[in-house]
Amino acid sequence: MEHHIVVEKLCKCAIRKGMPQIKTFDDKENAMRVARAWAQELNESFCGQHSFGVVEVDENFVITVGEGSY
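Trainee: Could you give an account of unusual backbone geometry, naming the residues involved and the relevant values?
Mentor: The phi dihedral of D58 falls on the positive side, at around 55°, and the residue is not glycine. Inspection of the secondary structure puts D58 in the loop between β3 (50-57) and β4 (60-67). Classification of D58 by relative accessible area gives exposed; the value is 65%.

This is the structure we're talking about:
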């Protein structure tokens, strides 16, 4: 079964970097680990106008985008 990481909304920083909006994995645990690491990387490397978190939705993970830094 495939598990997806989906960025709910690409901010200007993500668009500028050409970041993908969806990544697909065969293993749920690996997808969860990558989603958390990806959100942390975005929080640390982007401009700070948004905060990023991870929410599990069914068998997938959504990287949420909120206002303000984390």
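Now, onward.
Trainee: So what's going on with the nonpolar core? Which residues, and what values?
Mentor: Counting residues in each nonpolar core, the largest one holds 19 residues, and the members touching the most others are I5, M19, W38, L42, F46, F52 and I63. Residues contacting W38, with those up to four places away along its chain left out, are I5, V7, M19, P20, K23 and I63.

Trainee: An account of the pattern of salt bridges is needed here, citing residue identities and associated values.
Mentor: All told, the structure shown has two salt bridges when counted by the stated rule. The salt bridge partner of K28 is E56, with a shortest N-O separation of 2.7 Å. With a gap of 28 residues between them, K28 in helix α2 (residues 28-45) and E56 in strand β3 connect regions that are remote in the sequence. Among the residues examined, K28 registers a relative accessible area of 26% and is labelled partly exposed.

Scoring rules and cut-offs
By convention here, each chain's residues receive numbers from 1 onward along its written sequence. Local features in a predicted model are, by the rule used here, given only for residues with pLDDT of at least 70; side-chain atom pairs are given and counted only at 80 or more, and totals for whole chains, interfaces and linings are based on all residues. Side-chain numbers here rest on the full set of heavy atoms in the structure, without hydrogens or water. Working definition: helices are DSSP H or I runs of at least four residues, strands are E runs of at least two. Numbering for both runs from the N terminus. The buried label goes to any residue with under 20% of its type's maximum accessible area, the exposed label to any with over 50%, and the partly exposed label to all in between, with areas taken from a 1.4 Å probe on protein chains only. In this text, buried Ala, Val, Leu, Ile, Met, Phe, Trp, Tyr and Cys residues form a nonpolar core when linked through side-chain atoms within 4.5 Å. Any pair of residues with heavy atoms lying within 4.5 Å of one another is described as a contacting pair. Should a side-chain nitrogen of Lys or Arg be within 4 Å of a carboxyl oxygen of Asp or Glu, the pair is scored as a salt bridge.

None of the figures reported here should be taken as evidence of function without further support.
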